[in-house]
Amino acid sequence: QVQLVESGGGLVQPGGSLRLSCAASGKFLSINTMGWYRQAPGKGRELVATDTKDASTNYADSVKGRFTFSRDGAKNTVYLQMNSLKPEDTAVYYCNANARFSTGLNIWDRDYWGQGTQVTVSS
């Protein structure tokens with residue numbers, strides 16, 4: 001099992017900034033990838049930013065140049081620095097982690113999700 005604890009959401013005016021954090025803990029062999037997704041009211045969940053197995057980062061086109069994803073591998077913690085926020089960034093932001101488990105000869109990966117943190121951009 002993996003527990004993901006998110007923090008940093010809130011209410012901010014357009015043009016403002018917020019920083020989200022997500023820490024993964026539990027009994028796993030390793031964390032493969034971590035990332036952020038968001039879901040606005042009436043819409044599906046969409047990718048915001050994730051790292052990849054080759055250590056690069058994928059960003060949604062809508063956040064490129066405004067959001068910065070970072071990861072502290074030693075702490076299994078990821079951050080999302082969100083600048084120049086817009087009303088359309090309003091959503092519940094979810095942390096995702098893909099974890100690897102091993103028991104003897106068996107190895108498997110599994111996805112986990114945080115509980116979500118609300119980000120509201122409004123004047």
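To be clear, the structure that these remarks concern was listed above.
Engineer: Which parts of the structure should I look at to understand the nonpolar core?
Structural biologist: One broad rule of soluble globular proteins: the nonpolar side chains tend to lie buried together. Leu4, Met34, Trp36, Leu80, Met82 and Tyr93 are the most contacted members of the largest nonpolar core, which has 31 residues in total. Those elements that provide at least two residues to this core are strand S1 (2-7), strand S3 (18-26), strand S4 (30-39), strand S5 (46-51), strand S7 (67-72), strand S8 (77-82), strand S9 (91-103) and strand S11 (117-121). The element that contributes the greatest number of residues to this core is S9, accounting for six residues. Excluding its chain neighbours within four sequence positions, the residues that come into contact with Leu4 are Cys22, Ala23, Ala24, Met34, Cys95, Asn96, Ala97, Tyr112, Trp113, Gly114 and Gln115.

Engineer: Which parts of the structure should I look at to understand the sheet that holds S3?
Structural biologist: Picture the strands of a sheet paired through backbone hydrogen bonds; they go either parallel or antiparallel. With respect to topology, four strands assemble into an open sheet ordered S1-S3-S8-S7, the strand pairing being antiparallel. Of all the strands in the sheet, the pair left with one neighbour each is S1 and S7. Strand-to-strand twist across the sheet, computed as the mean angle between neighbouring axes with direction ignored, equals 15 degrees.

Engineer: Would you mind showing me how to read the environment of Val78 here?
Structural biologist: Positionally, Val78 belongs in strand S8. Sequence-distant contacts of Val78, that is, excluding residues within four places in its chain, are made with Leu20, Ser21, Cys22, Met34, Trp36, Phe69, Ser70, Arg71 and Cys95.

Engineer: Looking at this structure, how should I read the pairing of S1?
Structural biologist: Taking every second residue as pointing to the same face, the buried face of S1 carries Val2, Leu4 and Glu6, while none of Gln3, Val5 and Ser7 on the other face is buried. For S1 and S3, the ladder comprises six bridges, and the chain directions are antiparallel. Among the inter-strand pairings, Val2 is bridged to a residue of S3, identified as Gly26.

What counts as what
- Throughout, a residue's number is its position along its own chain's written sequence, starting from 1.
- Selection of residues for local features in this predicted model requires a pLDDT of at least 70, selection of side-chain atom pairs for listing and counting requires 80 or more, and totals for whole chains, interfaces and linings are taken over all residues.
- Processing note: side-chain calculations cover all non-hydrogen atoms of the structure and skip hydrogens and water entirely.
- What we call a nonpolar core is a set of buried Ala, Val, Leu, Ile, Met, Phe, Trp, Tyr and Cys residues that are connected through their side-chain atoms within 4.5 Å.
- Accessibility here uses a 1.4 Å probe with only protein chains present; expressed as a share of the type maximum, an area under 20% marks a residue as buried, one over 50% as exposed, and anything in between as partly exposed.
- Going along the chain from the N terminus, every DSSP run of H or I of four or more residues is numbered as a helix, and every run of E of two or more is numbered as a strand.
- Should any heavy atoms of two residues lie within 4.5 Å, those residues are considered in contact.
- Here a strand pair is declared whenever DSSP counts at least two bridges between the two strands.
- Axes here refer to lines fitted to C-alpha atoms; in helices the fit is confined to the stretch in contact. Angles between the N-to-C directions go from 0 to 180 degrees.

Coordinates in, geometry out; function isn't part of it.
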